[in-house]
Amino acid sequence: MTASDVKENVILVDCINQNCPMPLVNTRATIMKSKKGDIIKVIGTHPQSFEEIPMALDAMGKKIIEKRQEGNKWYIVFEV
Amino acid sequence: MPESKKATIIVHSGGMDKVMSALIIGNGFLSINIPVTIFFTFWGLKALTKNGFKKLSLSKMNILGLGKVMIRAKMKKHNVASLEELAKSFKELGGKIIACTMTMELMGIKKEDLDQTLIDEYGTVGKYCIESKDAQITLFI
């Protein structure tokens, strides 16, 4: 449990078992529906997406709060 | 963050694998906030006909349809998005699709034959060129 988990407006994006490019696509779709200041938490299993999504977030100037691997799942938490 | 870049893609090829690449790349650009227009022309326009995605052959190793069956099975096993899903997410993320009117004339394809849920505009090469002249990225597939 991190500090970001207890904030309101944490939007979960479940990409477990999804393959490229859907984790990236679903992350983007969620950003489009959210507003500035919202926290988005993406969970997935596809290894390349764990590299790709942070790169995309950097390219879009989004602040990454946390990214970690736990077993076969990864978590990326960022602010819109 | 405002993004001033833009990408255009021409899909000239009608192979299932090539159309898939185009849609994945299109989704990729949209996912990093770069607007994309895809211009479907020649064999690529077949993909926009009703149920067109299902009728496409592989561009190589189609082996009378066996290659296509095998790759679709692999895609399902690895949970890879289908052409239909990729086209849907392309549109949902704001991607634009233009159908080539010259191809429609040449191949006798009418508007009613096309999947209207996918097409934003009908146009000629001029439309593609006008979109592309301000695009930083353009691809021919």
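Residues numbered from 1 in each chain as written. Chains lettered and ligands numbered in written order. Predicted model: local features only at pLDDT ≥ 70, side-chain atom pairs only at ≥ 80, totals over all residues.

### Comments concerning the overall build of chain A
A count of helices and strands for chain A gives 2 helices and 4 strands. Ordering the α and β elements of chain A from the N terminus gives β-α-β-α-β-β. A compact globule built from 80 residues should have a C-alpha radius of gyration of about 12 Å, and chain A, at 11 Å, falls within 12% of that. A principal-axis box enclosing the C-alpha atoms of chain A has dimensions of 25 × 25 × 20 Å. Relative to its full complement of 80 residues, chain A shows a buried share of 29%. Pairs at least 24 residues apart make up 60% of the contacts formed inside chain A by residues separated by at least 6 positions. (Helix = DSSP H or I, 4+ residues; strand = E, 2+ residues; numbered from the N terminus. Rg over C-alpha atoms; globule rule 2.2 N^0.38 Å. Buried ≥ 20, exposed ≤ 12 C-beta atoms within 10 Å, placed from the backbone. Contact = placed C-beta atoms within 7 Å.)

### Some thoughts on the sheet that holds strand β3 (residues 96-100) of chain B
Residue and element names in this part refer to chain B. Taken together, 5 strands build an open sheet; the order of strands is β4-β3-β2-β1-β5 and the sheet is parallel. Edge positions in the open sheet fall to β4 (121-123) and β5 (137-140), since each of these has one partner strand only. Within the sheet, the average angular offset between the axes of one strand and its neighbour, ignoring direction, is 20°. In the sheet, strand β1 (residues 7-11) pairs with strand β2 (residues 36-40) via 5 bridges, with the strands oriented parallel. If you follow Ala 7 over to β2, its bridge partner there is Val 36. Lying on the sheet, helix α1 (residues 16-31) is in contact with β1, β2 and β5; it crosses β1 at an angle near 170°. (Pairing = 2+ DSSP bridges. Axes fitted to C-alpha atoms, helices over the stretch in contact; angles between N-to-C directions.)

### A short note on the packing of α1(B) against helix α4 (residues 83-92) of chain B
All names here are of chain B. Orientation of α1 relative to α4, taken along the N-to-C sense of each, is 30°, at an axis distance of 9 Å. Relative to α4, α1 is oriented roughly parallel. Pair α1 / α4 crosses with left-handed handedness. Every residue of α4 that contacts α1 at Met 16, Val 19, Met 20, Leu 23, Ile 24, Gly 26, Asn 27 and Leu 30 is listed here: Leu 83, Leu 86, Ala 87, Ser 89 and Phe 90. (Parallel < 35°, antiparallel > 145°, perpendicular 65-115°, else oblique. Left-handed = near helix turned anticlockwise from the far one by under 90°.)

### Some remarks on the confidence of the model for chain B
This prediction gives chain B a mean pLDDT of 94; 98% of its residues lie at or above 70. If you check the scores for this complex, the pTM reads 0.88 and the ipTM reads 0.79. (pLDDT = per-residue confidence, 0-100.)

### Considerations on the interface of chain A and chain B
Listed by partner, the interface residues are 13 residues for chain A and 15 residues for chain B. Counting only elements with at least two residues in the side of chain A that touches chain B, the list comes to α1 (22-33) and α2 (47-59) of chain A. Among the elements that make up the side of chain A that touches chain B, the one with the highest residue count is α1(A) (5 residues). Looking at side-chain class alone, the side of chain A that touches chain B contains 8 nonpolar, 4 polar and 1 charged residues. (Nonpolar A, V, L, I, M, F, W, Y, C, P; charged D, E, K, R; others polar.)

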